[in-house]
Amino acid sequence: MKKIAILFSGTGTNFEYICKNMHKNDIEIVVALTNNPNAGGIEVAKRYDIPLEIIDSKNYKIREEFDKEVVKTLLNYNFDFVVLAGFMRILTPYFTDNLKAINLHPSLLPRHKGLRAIERSYEDEFDDGGVSVHFVTSELDGGEIILQKSVKKQGLTFDEYYNIIRKIEKEALKEAILILIKEG
């Protein structure tokens, strides 16, 4: 059985999707960690009886000090890799050098790294947008791409495009996890 750690910052919709859909694939979520003590995903962890760690990033003025605490905490658990599922932090080399992690990003990388990716993708000159799952490196949204899913934008309102992106990002994250598990 493969074991993963999940990091999240917000409502936990991607986290919950993984909980609902990955148990049948011999995957165990051994810990969930959030940087936001008010994150909705906390309830997801409780509902699925997943060990939960809360490390409030607001208590750390230096980004690397926060990352050191996250790494130290996660290393108390036995897992194969970390899944960033809506973890809204830019990670330092301390994190990326010590943990194997993947991230979901709502654009076709290398386009639109960083914030507001869905909006920027919708407004750009390309006929398609989409989502990417990639390895986490010290370069923001710059790691090797594991998979991408694209969406044709023609004829879609922004709300329609947004909703499609939010739907396929969950599927993409699941597929990327399965790819990594098969690779060993």
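This structure is a prediction, so every number in the text was calculated from the model and none was measured.

### Considering the layout of surface pockets
- Roughly 830 Å³ of volume is contained in the largest pocket.
- Mapped onto the lining of the largest pocket, the elements with two or more residues apiece are helix H1 (13-22), strand S5 (101-105), helix H5 (117-123), strand S6 (128-135) and helix H6 (158-183).
- In terms of residues, the lining of the largest pocket owes the most to one element, H6, which gives four residues.
- A breakdown of the residues in the lining of the largest pocket according to their chemical character gives 15 nonpolar, 13 polar and nine charged.

### Re the packing of H1 against H6
- Put simply, H1 and H6 touch, their axes get as near as 10 Å, and they point 55° apart. By the criterion of interaxial angle, the relationship of H1 to H6 is oblique. The two elements H1 and H6 cross, and the hand of that crossing is right-handed. For the pair H1 and H6, contact is made by Thr13, Asn14, Tyr17, Ile18, Asn21 and Met22 and by Glu169, Lys170, Glu171, Leu173, Lys174, Ile177 and Leu178, respectively.
- Looking at the contact of H1 with H6 residue by residue, the class counts come to six nonpolar, three polar and four charged.

### Regarding the nonpolar core
- In terms of nonpolar packing, the biggest core is built from 37 residues, with Phe15, Ile18, Ile102 and Ile177 touching the most fellow members.
- In terms of residues, this core owes the most to one element, H6, which gives 10 residues.
- When neighbours within four sequence positions are excluded, isoleucine 18 is seen to be in contact with Ile4, Ile6, Ile29, Val83, Ala85, Leu173 and Ile177.
- Ala5, Leu7, Leu33 and Val136 belong to the second-largest nonpolar core, a separate cluster that totals 19 residues.

### A word on H1
- The buried fraction of H1 amounts to seven of the 10 residues, a majority that puts the element mostly inside the structure.
- In this structure, the buried residues of H1 make contact with strand S1 (2-8), strand S2 (27-34), helix H2 (41-47), strand S4 (81-84), S5 and H6.

### With respect to the pattern of salt bridges
- Using the criterion set out here, one finds 12 salt bridges in the structure.
- With its nearest N and O atoms 3.8 Å apart, the salt bridge here joins lysine 46 to glutamate 43. Here the residue lysine 46 and the residue glutamate 43 both occupy positions in helix H2, the gap between them amounting to three residues, near one helical turn.
- You can call lysine 46 exposed: its relative accessible area is 54%.
- The residue lysine 149 makes a salt bridge to glutamate 175 at a minimum N-O spacing of 3.0 Å. Placement of the pair is lysine 149 in strand S7 (residues 145-152) and glutamate 175 in helix H6, with a sequence separation of 26 residues.

### Considerations on helix H3 (residues 63-74)
- With 12 residues, H3 should cover 16 Å at 1.5 Å per step; its first-to-last C-alpha distance of 17 Å lies within 8% of that length.
- If you check which residues of H3 are buried, you get Phe66, Asp67, Val70, Val71, Thr73 and Leu74. The buried residues of H3 occupy one face: seen down the axis, they fall within an arc of 165°.
- Where H3 is buried, its residues touch S1, S2, strand S3 (52-54), S4 and helix H4 (93-98).

Conventions and cut-offs
Residues numbered from 1 in each chain as written. Predicted model: local features only at pLDDT ≥ 70, side-chain atom pairs only at ≥ 80, totals over all residues. Heavy atoms only, no water. 1 Å grid on protein atoms, 1.4 Å probe; cavity = no way out; pocket = protein on both sides within 12 Å on 5 of 7 lines; lining within 4 Å. Points joined across faces, edges and corners; volume = space filled by probe spheres on them. Helix = DSSP H or I, 4+ residues; strand = E, 2+ residues; numbered from the N terminus. Nonpolar A, V, L, I, M, F, W, Y, C, P; charged D, E, K, R; others polar. Axes fitted to C-alpha atoms, helices over the stretch in contact; angles between N-to-C directions. Parallel < 35°, antiparallel > 145°, perpendicular 65-115°, else oblique. Left-handed = near helix turned anticlockwise from the far one by under 90°. Contact = heavy atoms within 4.5 Å. Core = buried A, V, L, I, M, F, W, Y, C linked by side-chain atoms within 4.5 Å. Buried < 20%, exposed > 50% of the residue type's maximum accessible area, 1.4 Å probe, protein only. Salt bridge = Lys/Arg side-chain N within 4 Å of Asp/Glu carboxyl O. Expected span 1.5 Å × (residues − 1). Arc of directions from axis to C-beta.

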